[in-house]
Amino acid sequence: MLSKHSLPVKAMKVSLEKTVEQTAAKHAASQGGLLPCLHEIQSELGYIPNTHLENIATAFSLSTAEVHGVVSFYHDFRTSPSAPQSIQICCAEACQASGSRELEAGVADVLGVEFDETHPTDNYRLERVYCLGNCACGPSVRINDEVYGRVELASLPQLVTEALQP
Ligand code: FES
């Protein structure tokens, strides 16, 4: 039996479009219906596809920028599929004070993936987080379930290579 995640690409596209359209139509008439709509889409698909923000905006008579603004404001919303592993860079104040801004600014270049996106290998997703409970040892990075302290940009690629599952 095929699961939702093993459908052929064309069937997956149709399913994705249908889910977005039906969910948006269901919530569009409700006052404050955008957030429940976005939550339901993410719950159903695992993320809110960037390519379909325009459809959602149309259903709610909003601009795509307005919907994008809501999606990007809430850190729990994702606009790309999740990955089996994750790398989280702490961007909260204590880590900023100990140098996380350099990590935040340079991580895309050293790892080859942007924030909130899945690496081309589909092996991990890069995310910002706001405190990992390791403030005294910042900058902090979590790779899967392990938290690392005093992480420097230059040492990040090696740390990632060692910490990620093959
Ligand atoms: S602020 Fe980064 S771990 Fe707390």
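Before reading further, recall that the structure is shown in the block above.
Conventions we followed
Residues numbered from 1 in each chain as written. Predicted model: local features only at pLDDT ≥ 70, side-chain atom pairs only at ≥ 80, totals over all residues. Heavy atoms only, no water. Helix = DSSP H or I, 4+ residues; strand = E, 2+ residues; numbered from the N terminus. Buried < 20%, exposed > 50% of the residue type's maximum accessible area, 1.4 Å probe, protein only. Contact = heavy atoms within 4.5 Å. Areas by Shrake-Rupley, 256 points an atom, 1.4 Å probe, with all protein chains shown as cover. Pairing = 2+ DSSP bridges. Axes fitted to C-alpha atoms, helices over the stretch in contact; angles between N-to-C directions. Left-handed = near helix turned anticlockwise from the far one by under 90°. Nonpolar A, V, L, I, M, F, W, Y, C, P; charged D, E, K, R; others polar.

A. Highlighting the overall build of the protein chain. Looking only at helices and strands, one finds seven helices and five strands in the protein chain. Of the regular secondary structure in the protein chain, the N- to C-terminal order runs α-α-α-α-β-α-α-β-β-β-β-α. Considering the protein chain as a whole, with its 166 residues, one finds that 38% of them fall into the buried category. Residue pairs in contact within the protein chain that sit at least 24 positions apart in sequence constitute 58% of those at least 6 positions apart. Taken as a whole, the protein chain presents about 9700 Å² of accessible surface, with 51% of it coming from carbon and sulfur.

B. Local environment of the sheet that holds strand S5 (residues 146-148). Taking strand neighbours across the sheet as the criterion, the five strands line up as S2-S3-S1-S4-S5 in an open arrangement whose pairing is mixed. The open sheet is flanked by strand S2 (117-118) and S5, the only strands paired with a single partner. Sheet analysis places S2 next to strand S3 (residues 124-129), joined by two bridges and oriented antiparallel. Looking across to S3, one finds that Glu-117 is bridged to Leu-126. On top of the sheet, helix H6 (residues 100-111) reaches strand S1 (85-90), S3 and strand S4 (141-143); it is set at about 145 degrees to S1, its chief contact. Packing against the sheet, helix H7 (residues 156-163) makes contact with S1, S4 and S5, and its axis sits at approximately 30 degrees to S4.

C. Quick peek at the packing of H6 against H7. One way to put it is that H6 packs onto H7 with a least axis distance of 10 Å and a crossing angle of 65 degrees. Where H6 crosses over H7, the handedness of that crossing is right-handed. In this structure, H6 contributes Leu-103, Val-107, Val-110 and Leu-111 to the contact, and H7 contributes Leu-156, Pro-157 and Val-160. Tallied by class, the residues present in the contact of H6 with H7 amount to seven nonpolar, no polar and no charged.

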